Amino acid sequence: MSITIKNLSKSYGDQVIYENFNLVLEKNKITGILGPSGSGKSTLLNLCCGLTNPDKGTIEGVNFQSISYIFQEPRLLPWRTVRENLRFVMKQKAIKKPGLDEDRINGMLQLVGLETVGEFYPQELSGGMRQRVSIARAFLYPSELLLMDEPFSSLDCALKNKLMDDFLEIWKNDQRTVVFVSHNRDEIERLSQVILTFSDKPVKILDREENLIDRPRMVCPIDPD
Amino acid sequence: MKISTALENNQNKWPKKIITKVGITLFWVLLWALAARWVNSPLVLPSPLKTLEGVFTLAGDFEFFVSIAATLLRVFGGVFISVLLGLVLGLAGGLNELFYEIMNPFVTTIKSLPVVSVIILINLWIASGLVPLVVTFLICFPVTWTNVVQGVRSTDNRLLEMAKVYNVTMTQKIRDIYIPSVKPFAVSAIMNAIGLGWKVTVTAEVLANALPSMGMNLYYSKIYLETDLLFSWTLIIVVCSFIIEKATLHFIKRTKRGGTDQCQLP
């Protein structure tokens, strides 16, 4: 089932972010949302997952118990190891046999190339590794909708490419509805199947395009050397 | 060429650190000895040697150890109850605004009351031996409670948002987010409560005539004009307080897990 946003309105004080906003997000597709910084892209994600309540309007087709979120910063518990951070979100929807959970954690750690750092604490990892843990956490949680708020923005080019490849690899095997917001067109083009361009506040959809460029798509120019 | 590691550097610094500390202590003891010599009256200011002699004299009596044990029990009892209740009620106060509003007038009143008033009031209601324990609890509880509430309120909101999205239960949020966030505040509260607990317990022992106690021994030394013993008891209290503070700090450091860098120990 697709996600339908109907007549959504949201303001912060005098600032109108959304006014009678409508949008349909297609099921099991990656929808990329482009727009200038501060235009309300993150607000849309927060409205979708219930972190922010709309002033008016409805979001249909979203099960609030079944959402994953890859934030701009990894938001890992600094006092828990990588493995414990992953376990933290799995307890809610735990499969009855604990061994199976561990198998899934091990599998996911392997998929994101972190199998050797399961017992490390977040502060012992690099920024890219932390964001990988955050991606692993999002996919381990059995969600129908995955929200991504510029998770690659703080990473260098090579790491960004690698992480996006890893993300697509995992997504291909475990397809979910993804909403990915960024102000970087290259990032959006690399990952998304549908690209929406948002205007500044109050948000209007300026453009909607199907992304037909073949993969692999590169975010940064390839170094000839 | 030898590459010096951080560990080696730390090991090399240890003897220097100890020598410095011993040197500083000796400097103050020397100053005390000089002052005692200048005053030249053990009744007003006994010398360090006379004070130490007093400690040995006291240690020869079984009653001495009973007094120390009784005072320690009161300090620990009062501090333990205040820390335990401070943690539980502070957590509740930090999480629930209404509960905070209910507790706040009580805590503010206790905080603003002079210790002596609390001691005299409590002495009216309960047995002398228990007064120091109850007073210590009443004085230390606001410290713990306030710190824990502050700790809960300074919890990283981004982690709470993450937990909300992933549908984490309140119990798990308390265990995995709030308690680790509160830990540095709780450690600081425990250290403050121990320091405060000693002073309050001994004061309450004197004013409530609690027996057996270190406080009453201090008082008897004063009324019998045994200034050297008064100094000896004071020295014992200072040493006990120092040992307990260091032992608590050591215990907290040992229980601190590898990744909990959030916990800043003093």
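Just so you know, these numbers come straight off a predicted model, no measurement behind them.

Q: I'm lost on the overall build of chain B in this one. Help?
A: Helix and strand content of chain B: ten helices and zero strands. Counted from the first residue to the last, chain B has its helices and strands arranged as α-α-α-α-α-α-α-α-α-α. Looking at chain B as a whole, 39% of its 266 residues qualify as buried. In chain B, of all internal contacts separated by at least 6 residues, the share reaching a separation of at least 24 is 73%. About 15400 Å² of surface is accessible on chain B, with carbon and sulfur atoms providing 69% of the total. Positive and negative side-chain charges in chain B, numbering 22 and 14 respectively, have mean positions lying 8 Å apart.

Q: Teacher, can you tell me more about the side chain of Asp149(A) here?
A: All names here are of chain A. Secondary-structure assignment places Asp 149 in strand S6 (residues 145-149). The buried charged residue Asp 149 lacks any salt bridge partner; its closest oppositely charged side chain belongs to Arg 75, at an N-O distance of 6.3 Å. Of the polar contacts made by the side chain of Asp 149, one reaches the side chain of Ser 42; its length is 3.0 Å.

Q: Before we go on, may I ask you to explain the pairing of strand S1 (residues 3-12) of chain A in this structure?
A: Along a regular strand, successive side chains alternate from one face of the sheet to the other. All names here are of chain A. Of the strand pairs in this sheet, S1 and strand S2 (residues 15-25) are connected by seven bridges, and their pairing is antiparallel. Residue pairing across strands places Ser 11 opposite Val 16, the latter belonging to S2. Hairpin connection between S1 and S2: a loop of two residues separates the two successive antiparallel strands, and Gly 13 in this loop has a positive phi of roughly 65°. Here S1 runs beside strand S4 (residues 56-60); their pairing, made up of four bridges, is antiparallel. By the bridge assignment, Ser 9 is partnered in S4 with Lys 56.

Q: I'm lost on the sheet that holds strand S9 (residues 205-210) of chain A in this one. Help?
A: What holds strands together in a sheet is hydrogen bonding between their backbones, with the strands either parallel or antiparallel. Residues and elements named next belong to chain A. A sheet is described by the order of its strands in space; here six strands give the open sequence S5-S6-S7-S3-S8-S9, paired in mixed fashion. Looking at the sheet topology across the chains shown, the edges are occupied by strand S5 (67-70) and S9. Strand-to-strand, the axes of this sheet are offset by a mean angle of 15°, without reference to chain direction. With four bridges connecting them, strand S3 (residues 30-34) and strand S8 (residues 194-198) associate as parallel partners. Its bridge partner being in S8, Thr 31 is matched across the sheet by Val 194. Contacts from helix H4 (residues 127-140) reach S5 and S6, with the element oriented near 170° to S5.

Q: It is not clear to me how the interface of chain B and chain A should be interpreted in this structure. Could you clarify?
A: Size of an interface: often given as the accessible area lost when the parts come together. Opposite the 23 residues of chain B that make contact, chain A presents 26 residues. Between chain B and chain A, a total of about 2400 Å² is buried, with carbon and sulfur atoms accounting for 56% of that surface. Area buried by chain B at its contact with chain A is led by Met162(B), Val165(B) and Tyr166(B), which between them contribute 30% of it. Applying the counting rule to chain B against chain A returns three salt bridges. Here Arg75(A) and Glu161(B) are joined by a salt bridge, their closest N and O atoms 2.8 Å apart. Put simply, chain B and chain A have nine residue pairs in polar contact (both at pLDDT 80 or more) between them. For the side of chain B that touches chain A, the elements supplying multiple residues, two or more each, are helix H7 (157-165) and helix H8 (170-208) of chain B. The element that contributes the greatest number of residues to the side of chain B that touches chain A is H7(B), accounting for seven residues.

Q: Can you help me understand the packing of aromatic side chains in this one?
A: This model, assessed by the stated rule, comprises 15 aromatic pairs over all chains. Here Phe152(A) and Phe180(A) contribute two aromatic rings whose centre-to-centre distance is 5.9 Å and whose plane-to-plane angle is 75°, an arrangement assigned as edge-to-face. Highlighted residues: Phe152(A) in the loop between S6 and helix H5 (157-173) and Phe180(A) in strand S7 (residues 177-182), separated in sequence by 28 residues. Phe152(A) gets classed as buried once you look at its relative accessible area, which sits at 0%. Considering the side-chain rings of Phe64(B) and Phe65(B), the 4.9 Å spacing of their centres and the 80° angle between planes classify their relative orientation as edge-to-face. Connected via pairs of aromatic rings, a cluster forms that spans Tyr18(A), Phe21(A) and Phe198(A). Between Arg75(A) and the ring centre of Phe71(A), over which it is positioned, the NZ or CZ distance is 3.9 Å.

Q: Would you mind going over the domain arrangement of chain B with me for this structure?
A: Residue and element names in this part refer to chain B. When its domains are assigned, chain B resolves into domain 1 (1-40) and domain 2 (45-255). Taking only C-alpha atoms, the centre of domain 1 and the centre of domain 2 are 30 Å apart. Between domain 1 and domain 2, the contact holds six residues from the first and six residues from the second. Counting the surface lost from both domain 1 and domain 2, the interface buries some 490 Å², and carbon and sulfur atoms represent 84% of this. If you look at where domain 1 meets domain 2, you find zero salt bridges. A breakdown of the residues in the side of domain 1 that touches domain 2 according to their chemical character gives six nonpolar, no polar and no charged.

Q: Quick question: what am I supposed to make of the UniProt feature "transmembrane region" (unreviewed entry) in chain B here?
A: Summarizing the sequence annotation, UniProt attributes the feature "transmembrane region" (unreviewed entry) to residues 18-39, 64-92, 113-139 and 223-244 of chain B in the numbering used throughout. Helix and strand shares over residues 223-244 of chain B are 86% and 0% respectively, and the end C-alpha atoms of the span are 29 Å apart.

Q: Is there a simple way to think about a nonpolar patch on the surface in this case?
A: All names here are of chain B. Nonpolar side chains collect at one region of the surface, where Ile 24, Phe 27, Trp 28, Leu 30, Leu 31 and Leu 34 lie side by side and expose about 640 Å² of accessible area between them. Among the secondary structure elements, Phe 27 is positioned in helix H1 (residues 6-39). With relative accessibility at 45%, the residue Phe 27 sits in the partly exposed group.

What counts, and where the lines are drawn
- Residues numbered from 1 in each chain as written.
- Chains lettered and ligands numbered in written order.
- Predicted model: local features only at pLDDT ≥ 70, side-chain atom pairs only at ≥ 80, totals over all residues.
- Heavy atoms only, no water.
- Helix = DSSP H or I, 4+ residues; strand = E, 2+ residues; numbered from the N terminus.
- Buried < 20%, exposed > 50% of the residue type's maximum accessible area, 1.4 Å probe, protein only.
- Contact = heavy atoms within 4.5 Å.
- Areas by Shrake-Rupley, 256 points an atom, 1.4 Å probe, with all protein chains shown as cover.
- Lys, Arg positive; Asp, Glu negative; His and termini not counted.
- Charge placed at Lys NZ, Arg CZ, Asp CG, Glu CD.
- Salt bridge = Lys/Arg side-chain N within 4 Å of Asp/Glu carboxyl O.
- Polar contact = N/O pair within 3.5 Å; in protein donor to acceptor, adjacent residues only side chain to side chain.
- Pairing = 2+ DSSP bridges.
- Axes fitted to C-alpha atoms, helices over the stretch in contact; angles between N-to-C directions.
- Buried area = accessible area lost by both parts, 1.4 Å probe.
- Phe/Tyr/Trp six-rings, centres within 6.5 Å; stacked < 30°, edge-to-face > 60°.
- Lys NZ or Arg CZ within 6 Å of the ring centre and 35° of its normal.
- Domains from an automatic or database assignment.
- Nonpolar A, V, L, I, M, F, W, Y, C, P; charged D, E, K, R; others polar.
- UniProt positions renumbered as here; feature names shortened; annotations may be inferred.
- Patch = residues over 30% accessible without salt bridge, like charges linked within 9 Å, V, L, I, M, F, W, Y side chains within 5 Å.

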